[in-house]
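This is what each chain is made of:
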Amino acid sequence: MHQKQPNIYLYVALAVIFLISCEKEVDNSFDNASIPSETTLSAIDLKQLLKEEDSLLEQGETGKIMDITGMDVVKTNPKKVFAHYMPWFQSKPIDGYWGKHWTMANKNPDSIDASGKREIASHFYPLIGPYSSIDPDLQEYHFLMMKLAGIDGVIFDWYGSRDFYDYQIIKEATESFMWRLEDLGLYFSVMYEDRTAVQAVELGFAPNKIEAAKQDFNYIKDTYFTSPRYMKWRNQPFLFVFGPHHIQEPEAWDEIFNIFTPENKPNYLSLWGTAANWVGENASGEFTWVDRTHLEAHDHYYWYYPQFNKMTVGSTYPGFINFSENGGWGLQHDWQIPHNNGDTFVETLNYTHHQDADFIQLLTWNDFGEGTMIEPTEEFGFMYLQLLQQYTGVPYTPEDLQTALELYQLRKVLSSSTTVAKSKTQKEYSNPVKYLDRAYLYMKKGQTKRAKLLLQAVRLFYGNKN
């Protein structure tokens with residue numbers, strides 16, 4: 001689809017509040033430090049683990065145990081990394097229909113092949129299958145994966161504040177992520193598509209494109225800038241524009257930016273090659289995007305833009321293989337950048353001039369239509385996130401990524417069976433979802449081994465739909 005971008009945030013270290021003394025009152029035989037890296041426990045041990053969790057849950061119900069806000073991740077690489085994120089997917093199980101970014105003009109996800117894959121508008125297939133952006137399980141899975149890979153935040157693709165086309169759905173989906181961002185301690189920003197201002201005028205929502213953009217920026221200022229998780233640099237919020245492609249007069253941006261006070265005027269970043277002539281003094285810098293010239297474009301960007309003492313945004317991507325022509329949307333790009341078994345991602349991630357970038361933008365987390373996704377897929381597995389783990393220097397491993405995946409899968413297994421399930425080895429009924437919530441808590445605490453064991457126990461005793 002479109003080119004988008006990330007942001008830098010001066011992270012204030014998150015305060016960590018651990019589960020306190022009463023949790024230690026229980027004989028916690030399965031604490032993270034005592035669990036071998038490769039662990040398969042017996043059914044008896046796993047049953048004991050669930051009993052421990054029941055005791056901890058009882059203490060929690062009496063108010064003795066505190067939850068943690070945020071997921072504190074130590075990285076040895078100080079470079080901030082932000083993922084460009086598309087919140088525009090709909091699935092029939094969640095939304096009642098398959099959205100256009102899975103179908104384009106001629107694909108039908110209800111058609112399932114012999115391997116169990118649905119027909120979607122992409123050359124690549126999500127490891128969890130096509131999904132809905134508003135699915136809470138999906139949001140938990142995606143953001144846990146990001147934290148485990150050392151990603152600091154997301155840049156949401158954003159199409160304005162008005163209800164036409166699917167823009168209202170995208171806006172509402174974006175806002176549905178907010179509590180999970182806060183819970184895991186991720187930052188966010190938005191990237192504005194200025195063509196929506198022109199469309200708003202054409203459809204009668206605004207008298208002119210300047211007023212339309214003002215309405216959108218007022219919404220951003222009042223709704224997003226007020227969040228404690230909104231990205232800032234030098235105490236000013238970030239705001240991105242993909243372009244501009246339709247508002248290309250500096251005086252127009254001067255008028256639009258009159259809605260901001262000096263205190264909340266954002267660091268405004270536009271697509272490379274646009275700031276000087278089209279945005280003017282309101283531009284704080286520019287960001288790169290995927291280009292047909294590949295590394296030649298990077299060479300030029302890192303040589304040219306730092307000379308003007310503007311903010312520079314490095315970009316890394318796994319490849320570019322657009323599906324639009326195959327999906328019936330017509331030929332939008334007559335070029336490709338192959339993935340080369342991860343080499344393209346490595347060469348852009350480690351590109352020497354990234355040392356000059358203020359932060360790095362991952363292009364993208366999940367644009368399946370353009371084949372730039374780094375989220376786990378059938379074709380690449382965890383490869384891109386594993387490479388990120390090595391780059392960011394987090395203490396996590398691909399095994400931890402697998403644990404996050406298993407948490408998502410078990411949530412789907414249990415939600416598709418009875419909410420209250422009967423244990424295979426016990427007569428009493430209990431709700432196993434509570435154990436999944438505990439596993440999520442352990443993931444947040446960095447106790448990924450205990451989370452893995454807890455999921456093993458849930459799969460053993462509650463995994464069958466009977």
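Going by the structure above, here's the rest.
So, a few notes on the structure that sits alongside this text. Quick caveat: nothing in here was measured; it's all calculated off a predicted structure.

**Details of the overall build of the chain**
Here is step 1 of the chain: Helices and strands together make up the secondary structure of the chain, namely 17 helices and 11 strands.
Here is step 2 of the chain: Burial statistics for the chain: of 466 residues in total, 58% are counted as buried.
Here is step 3 of the chain: Considering only residue pairs separated by 6 or more positions, the chain has 77% of its internal contacts joining residues 24 or more positions apart.

**Some remarks on the side chain of T403**
Here is step 1 of the chain: Along the chain, the position of T403 falls in helix α15 (residues 398-416).
Here is step 2 of the chain: Owing to a relative accessible area of 1%, T403 belongs among the buried residues under this scheme.
Here is step 3 of the chain: Setting aside residues no more than four positions away along its own chain, T403 makes contact with M443, T448, A451, K452 and L455.

**Looking at the packing of α15 against helix α16 (residues 433-445)**
Here is step 1 of the chain: Where α15 meets α16, the axes come as close as 10 Å, and the angle between the chain directions of the two elements is 160°. The angle between α15 and α16 falls in the class roughly antiparallel. You can see that α15 and α16 cross each other, and the crossing is left-handed. The segment α15 lies against α16, with D400, T403, A404, L407, L410, R411 and L414 engaging V433, L436, D437, A439, Y440 and M443.

**Points about the pairing of strand β8 (residues 311-316)**
Here is step 1 of the chain: Of all six residues making up β8, six are buried, and the element is well covered by its neighbours.
Here is step 2 of the chain: Residues M311, V313 and S315 line one face of β8 and the alternating positions T312, G314 and T316 line the opposite face, and both faces are buried.
Here is step 3 of the chain: Sheet topology places strand β7 (residues 283-287) next to β8; three bridges connect them, and they run parallel. Of the residues in β8, the one forming a bridge with G285 is M311.

**Some details on the nonpolar core**
Here is step 1 of the chain: In this structure, F143, F156 and F217 are the most contacted members of the largest nonpolar core, which totals 105 residues.
Here is step 2 of the chain: What F156 contacts, discounting residues up to four positions off in sequence, is Y85, P87, F143, T174, F177, M178, L181, F188, S189, V190 and M191.
Here is step 3 of the chain: If you look at the next biggest cluster of nonpolar residues, it comprises 29 residues, including I155, M191, W233 and L269.

**Comments concerning the pairing of strand β1 (residues 81-85)**
For a regular strand, the rule is simple: side chains alternate between the two faces of the sheet.
Here is step 1 of the chain: Most of β1 is tucked away, with five of its five residues classed as buried.
Here is step 2 of the chain: Residues of β1 alternate between two faces, with V81, A83 and Y85 on one and F82 and H84 on the opposite face, all of them buried.
Here is step 3 of the chain: In the sheet, β1 pairs with strand β9 (residues 359-362) via three bridges, with the strands oriented parallel. Bridge pairing in β9 links F82 to Q361.
Here is step 4 of the chain: Bridging between β1 and strand β2 (residues 153-158) involves four bridges; their strand directions are parallel. Bridge pairing links A83 to V154 in β2.

**Quick word on the packing of aromatic side chains**
Here is step 1 of the chain: All chains considered together, the criterion is met by 47 aromatic pairs.
Here is step 2 of the chain: Over the ring of Y187 we find R229, and its NZ or CZ is 4.0 Å from the ring centre.

**A word on the environment of I155**
Here is step 1 of the chain: With respect to the helices, strands and loops of the structure, I155 is situated in strand β2.
Here is step 2 of the chain: Each C-alpha atom of the pair I155 and Q361 lies 8.7 Å from the other, and the pair is 206 residues apart in sequence.

**Focus on helix α14 (residues 383-392)**
Here is step 1 of the chain: A large share of α14 lies buried, amounting to seven of its 10 residues.
Here is step 2 of the chain: Turning to α14, its buried residues number three or more, namely Y384, L385, L387, L388, Q389, Y391 and T392.
Here is step 3 of the chain: Buried residues belonging to α14 abut β1, α5 (136-149), α13 (343-349), β9 and α15.

**Some points on the packing of α16 against helix α17 (residues 448-462)**
Here is step 1 of the chain: For the pair α16 and α17, interaxial distance at closest approach is 8 Å and the crossing angle is 165°. Relative to α17, α16 is oriented roughly antiparallel. Remark: the crossing between α16 and α17 carries left-handed chirality. Residue-level inspection shows Y435, L436, R438, A439, Y442 and M443 of α16 in contact with α17, the latter providing T448, R450, A451, L454, L455, V458 and Y462.

**Brief notes about unusual backbone geometry**
Here is step 1 of the chain: Following G243, the chain continues to P244 via a peptide bond in cis, the omega torsion being 10°.
Here is step 2 of the chain: In this chain, L363 is followed by T364 through a cis amide linkage whose omega measures 0°.
Here is step 3 of the chain: Topologically, T364 is positioned in the loop between β9 and α14.
Here is step 4 of the chain: One non-glycine residue, N341, lies in the positive phi region at around 55°.

Reading guide: rules and limits
- Along each chain, the written sequence defines residue order, and numbers are assigned to residues from 1.
- Reporting of local features is limited, given that this is a predicted model, to residues whose pLDDT is at least 70; pairs of side-chain atoms are given and counted only at 80 or more, and all residues count toward the totals for whole chains, interfaces and linings.
- Only hydrogens and water are set aside when side-chain values are computed; all heavy atoms of the structure are taken into account.
- Under the DSSP-based scheme used, a helix requires at least four consecutive residues in state H or I and a strand at least two consecutive residues in state E, with every element numbered from the N terminus.
- Under the scheme applied here, a residue whose accessible area is under 20% of the maximum for its type counts as buried, over 50% as exposed, and between as partly exposed, the area being computed with a 1.4 Å probe on protein chains only.
- Pairs of residues are marked as contacts when any of their non-hydrogen atoms sit within 4.5 Å.
- In this analysis, axes come from line fits to C-alpha atoms, helices being fitted only over the stretch in contact, and the angle between any two N-to-C directions falls in the range 0 to 180 degrees.
- Every angle not falling under 35 degrees, over 145, or within 65 to 115 is termed oblique; those three ranges are roughly parallel, roughly antiparallel and roughly perpendicular.
- We call a crossing left-handed when the near helix sits turned anticlockwise from the far one by less than a right angle, and right-handed when that turn is clockwise.
- When DSSP finds at least two bridges between two strands, those strands are taken to pair.
- Think of a nonpolar core as a cluster: buried Ala, Val, Leu, Ile, Met, Phe, Trp, Tyr and Cys residues, connected wherever their side-chain atoms sit within 4.5 Å.
- Pairing of aromatic rings covers Phe, Tyr and the six-membered ring of Trp, with a centre-to-centre limit of 6.5 Å; geometry is then stacked below 30 degrees between planes, edge-to-face above 60, and tilted otherwise.
- In this scheme, Lys NZ or Arg CZ marks a charge over a ring once it lies within 6 Å of the ring centre and within 35 degrees of the ring normal.

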